[in-house]
Amino acid sequence: MGKSVYIVFLLAAVLGMSSCHEGKDVEIATKPEPVVLKVKVSLSDLLPKTRAEGDNSPYAVAANDNEKVQTLRVIVVNSRNEVEGNVHINLMKDGGTPVEEQTVMMRNIASNDTKMIYLIANEEATRKSPVSVGDVPLVDYDFNKIKAGGKFPIDELFELKMQLNENSDHLSNGLKGGLPMSECHRVRIPVVPPDAPGRDELVGDGFFLLDENDQIINPAPGADEEIFGYRQTLWITRTAVKFTCEVTNNQTAGRVKLKGLRMQKMAGEAYFLPRVLERDGHEIKEFAVPVETMENNKHFEFKYDLSATEELQKGKPFVLPPIYLLEGKYTDKNGVKEGDNICNYQTALILERDGKQDTTSYMYLPNLPVLPRNTHVVLRATINDPADILWKVDVVPYGEVILEPGFGI
């Protein structure tokens, strides 16, 4: 995983999780004692992993700086939908060098309340416009306008989308500032008496994680609910789906050159904040997409052309640069059934065989019924005789960015 941030609550007790658009109301104390949220961002290594086929895979290490957290915003919202804090942390020095560590104190966070914590990374990211000259933001929103003491614009952010245009558009097209990431966490801070131990200094390093029924699970060693100082483990999710494509020429005769890649029914838009309906740990199993996308009206054929034709050496895999697209749930009525799933996505290669251009027939990709965000799709195409293509697809959770001690940017 390789890069992380950890967030420590001074006087916080328990951590829970929920959808970004919900939170449980709790009774607010007449005069709740304030607590301090200590946000500590530390660097331990520079290459986050993607878990593609385990640590020994050539794709287990992130491909470039675009997959790193470069800036992080933390927004704390109480159960009355009021903003209690909004801080922005820049993790890069002038010149692009990562800092070793940064600490920010968020004060006057009320106790005896349930909070939503919104994490937003790389909000400044831009890419080349596919329809005009210049750069355009990947996330078109000014998060600085969210002020402490004001109402949190939940409906506005809930509908905020990222968009791609048709044909050759992708998130990494001239990308500057890293891939956008986002996540929401629900935490509960208990009643803090005025004379509580540790009110003015950080104490303790344990925490309690709650299940859906507010029952404690996996208590941290040494956790002591009599001491109001607990470390909370949070994570953030990349909004993109990463594609790595590896092509191998196994033809016995003739020259084969790779010119490009085509993928049908890629999503043209997706929500910025995750609309998760079901998780298995951190892995997203079920999610919501915009209505237009769900009705299959916002999909396009993605076209990727190499800047220079690549001659494929027999038996030697050639790997295309990573491609970042949006999550999607396209449903193909003619999709091929594979076990309990339907294969909904098709792809083709643009080749040159003995000097003549050849577009291979579209084939359904196995093991790819849906495309949730934070997924790394490793495509392996083997060109066999007589000119047939064998596709293999490995789909893995894309090394979520864990926010905890011991991991770096």
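A quick note: this is a predicted structure, and the numbers were derived from the prediction, not measured.

Draft legend 1. Spatial organisation of the overall build of the protein chain. Looking only at helices and strands, the protein chain has 2 helices and 31 strands in total. Taken over 409 residues, the protein chain has a buried fraction of 53%. Considering only contacts in the protein chain between residues 6 or more positions apart, those separated by 24 or more positions represent 77%. When the accessible area of the protein chain is evaluated, it comes to approximately 18,300 Å², of which 46% is carbon and sulfur surface.

Draft legend 2. Fine view of the packing of aromatic side chains. Tallied over the full model, the rule gives 5 aromatic pairs. Residues Phe143 and Phe272 carry aromatic rings whose centres are separated by 6.0 Å and whose planes lie at 45° to one another, so their mutual orientation is tilted. Residue Phe143 is located in the loop between β9 (135-137) and α1 (154-158), and its partner Phe272 is located in the loop between β18 (269-271) and β19 (276-280); the two are separated by 129 residues in the primary sequence. A relative accessible area of 1% means that Phe143 is categorised as buried. On the basis of an interplanar angle of 55° and a centroid distance of 6.4 Å, the ring pair of Tyr330 and Tyr345 is categorised as tilted. Residue Tyr330 is located in the loop between β23 (323-326) and β24 (336-338), and its partner Tyr345 is located in the loop between β25 (341-343) and β26 (346-353); the two are separated by 15 residues in the primary sequence. Residue class for Tyr330 comes out buried when judged on its relative accessible area of 10%. Three or more aromatic residues joined by ring pairs form one cluster here, namely Tyr141, Phe143 and Phe272. Its end group placed over the ring of Phe158, Arg275 keeps NZ or CZ at 3.3 Å from the ring centre. The ring of Tyr271 is capped by Arg275, whose NZ or CZ atom sits 3.7 Å from the centre of that ring.

Draft legend 3. Representation of the environment of Arg186 within the structure. Relative to the helices and strands, Arg186 is located in strand β11 (residues 181-189). Sequence-wise, Arg186 and Asn78 are 108 residues apart; in three dimensions their C-alpha atoms are separated by 9.9 Å.

Draft legend 4. Summary view of the pattern of salt bridges. Under the counting rule described, the total for this entry stands at 16 salt bridges. With a closest N to O distance of 2.4 Å, Arg127 and Asp169 form a salt bridge. With Arg127 in strand β8 (residues 126-128) and Asp169 in the loop between β10 (161-163) and β11, the pair connects residues that are 42 residues apart, well separated along the chain. Its relative accessible area of 1% is what places Asp169 among the buried residues. The shortest N-O distance in the salt bridge between Asp394 and Arg380 comes to 2.4 Å. Of this pair, Asp394 sits in strand β30 (residues 388-397) while Arg380 sits in strand β29 (residues 375-384), placing them 14 residues apart in sequence. Of the residues examined, Asp394 reaches a relative accessible area of 16% and is grouped as buried.

Draft legend 5. View of the pairing of strand β15 (residues 234-238). When you tally the buried positions in β15, you get 5 out of 5 residues, the bulk of the element. Burial along β15 is two-sided: Leu234, Ile236 and Arg238 and Trp235 and Thr237, pointing in opposite directions, are all buried. Where β11 meets β15, 2 bridges bridge the pair, whose relative direction is antiparallel. What sits directly across from Met181, in β15, is Arg238.

Draft legend 6. Region of interest: the pairing of β19. For β19 and strand β20 (residues 283-287), the ladder comprises 4 bridges, and the chain directions are antiparallel. Directly across from Glu278, in β20, lies its bridge partner Glu286.

Draft legend 7. Looking closely at the side chain of Thr71. Structurally, the position occupied by Thr71 is in strand β4 (residues 71-77). A residue is classified by how much of its surface remains accessible, and Thr71, at 10% relative accessible area, is buried. A polar contact is formed between the side chain of Thr71 and the side chain of Glu124, at a distance of 2.7 Å. When neighbours within four sequence positions are excluded, Thr71 is seen to be in contact with His88, Ile89, Asn90, Leu91, Ile120, Ala121, Asn122, Glu123 and Glu124.

Draft legend 8. Structural detail: the environment of Phe300. Mapping Phe300 onto the fold places it in strand β21 (residues 299-311). Separated by 134 residues in the primary sequence, Phe300 and Glu166 place their C-alpha atoms 5.6 Å from one another. Once you skip the residues sitting within four places of it in the chain, Phe300 turns out to touch Leu164, Asn165, Glu166, Asn167, Asp169, Met263, Gln264, Lys265, Met266, Ala267 and Gly268.

Draft legend 9. Structural context of the side chain of Asp113. One can find Asp113 in strand β7 (residues 113-121). A polar atom in the side chain of Asp113 sits 2.7 Å from the side chain of Ser79. A polar contact of 3.1 Å, which involves the side chain of Asp113, links it to the side chain of Lys115.

The rules behind each value
Residues numbered from 1 in each chain as written. Predicted model: local features only at pLDDT ≥ 70, side-chain atom pairs only at ≥ 80, totals over all residues. Heavy atoms only, no water. Helix = DSSP H or I, 4+ residues; strand = E, 2+ residues; numbered from the N terminus. Buried < 20%, exposed > 50% of the residue type's maximum accessible area, 1.4 Å probe, protein only. Contact = heavy atoms within 4.5 Å. Areas by Shrake-Rupley, 256 points an atom, 1.4 Å probe, with all protein chains shown as cover. Phe/Tyr/Trp six-rings, centres within 6.5 Å; stacked < 30°, edge-to-face > 60°. Lys NZ or Arg CZ within 6 Å of the ring centre and 35° of its normal. Salt bridge = Lys/Arg side-chain N within 4 Å of Asp/Glu carboxyl O. Pairing = 2+ DSSP bridges. Polar contact = N/O pair within 3.5 Å; in protein donor to acceptor, adjacent residues only side chain to side chain.

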